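Summary of structural features
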Amino acid sequence: TITLPLTLAVIDAIIAHVGDQTFAVPQSAIQEVIEVDPGSVRALERNELLTYRGRALPMVRLERLFHIHTAKRPRLHAIVVGTGLSAVGLLVDRVAGHREIVVKTITDPLIRVEGVSGATELGDGRLVLILDVSALSRGVRQRRARDPVAAHPGGRAGPRVPDQPPGVRPGDRRRDAPTPAGGRR
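In this report, we go over the structure that sits alongside the text.

How each quantity is defined
- The numbers attached to residues start from 1 for each chain and follow its sequence in the written order.
- For this predicted model, a pLDDT threshold of at least 70 governs which residues receive local features, and a threshold of 80 or more governs which side-chain atom pairs are given and counted, while totals over whole chains, interfaces and linings are taken from all residues.
- The side-chain figures draw on all heavy atoms in the structure; neither hydrogens nor water molecules are used.
- By salt bridge we mean one thing: a side-chain nitrogen of Lys or Arg within 4 Å of a carboxyl oxygen of Asp or Glu.
- Labels follow the DSSP assignment, with helices taken as runs of H or I lasting at least four residues and strands as runs of E lasting at least two, numbered in each case from the N terminus.
- The buried label applies to any residue whose accessible area, calculated with a 1.4 Å probe on protein chains only, is under 20% of its type's maximum; exposed applies above 50%, and partly exposed to all values in between.
- As used here, the term nonpolar core means buried Ala, Val, Leu, Ile, Met, Phe, Trp, Tyr and Cys residues forming a set that is joined through side-chain atoms within 4.5 Å.
- A contact between two residues is defined here by any heavy atoms of the two lying within 4.5 Å.
- In protein, a polar contact means a hydrogen-donor-capable atom and an acceptor-capable atom, both N or O and within 3.5 Å, with residues adjacent in sequence counting only if both atoms are side-chain atoms; elsewhere, any N or O pair within 3.5 Å suffices.

Another aspect to go through is the pattern of salt bridges. Under the criterion given, the structure shown has six salt bridges. Notably, a salt bridge pairs E48 with R61, separated by 2.9 Å at the nearest N-O pair. You can see E48 sitting in strand 5 (residues 47-52) and its partner R61 sitting in strand 6 (residues 55-61), a full 13 residues away along the chain. For the pair shown, E48 and R61 are each scored as buried. When the shortest N-O distance is used, the salt bridge between D93 and R73 registers 3.8 Å. With D93 in the loop between strand 8 (88-92) and strand 9 (94-105) and R73 in the loop between helix 1 (62-65) and strand 7 (76-81), the pair connects residues that are 20 residues apart, well separated along the chain. On the accessibility criterion, D93 (6% relative accessible area) is buried. Take R73: its relative accessible area is 39%, and that puts it in the partly exposed class. Salt bridges linked by common partners bring E48, R61 and R64 together as one network.

Take a look at the structure:
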């Protein structure tokens, strides 16, 4: 006998590659896929940003998020997901195309991964993780609020004032630093 699940979800997805890993991004969440020059992604405040349609778009490097080793590429692709202030760009090495996929949700709490909503199997037998774009977008906003180092390449918080502790930027003052008038705070 064949046992079929009571519910079965089939969705349209964009298949993308990061290093040797393959991911599926639900097409219903995608606004656009754009080609990106890696040099145009800028570190600012606590984020990596790309100028997109006249505004700053926060970027999520899937290679960093999932600790995937990738080679330097002259061009990347950004999958723009979400709308308004919740929009983010997911940086991937390449986009392989569009597929209809069967969604298998991951319900075991011991194997849950932030940013992954489920998995699917491609026709060639490969297992592919399905990204949870709302969790990735939420993660960008939370990281921006709590961790000044999280979004900077190389783990730096930006330029430092000489003799200042890590995380202090130009213009910041230590409490024991002299004020311009020569006194202390």
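Additional details are given in the paragraphs that follow.
The phi torsion of most residues other than glycine is negative, and most of the peptide bonds are trans. One non-glycine residue, R53, lies in positive phi territory at about 55°. Inspection of the secondary structure assignment puts R53 in the loop between strand 5 and strand 6.

Counting 22 residues, the largest nonpolar core has V25, L62, I79, V81, L90 and L131 as the members making the most contacts within it. Listed by contribution, the elements that provide at least two residues to this core are strand 1 (9-18), strand 2 (21-26), strand 7, strand 8 and helix 2 (133-146). In this structure, A78, V80, A87 and L91 belong to the second largest nonpolar core, which totals twelve residues.

You can call R61 buried: its relative accessible area is 14%. Among residues more than four places away in sequence, those in contact with R61 are V41, E48, L76 and L91.

Before going further, it helps to examine the environment of D124. Relative to the helices and strands, D124 is located in the loop between strand 10 (116-121) and strand 11 (127-131). At 2.7 Å, the side chain of D124 and the side chain of R126 are in polar contact.

Note that every value here comes from positions in space, so none of it alone points to a role or purpose.
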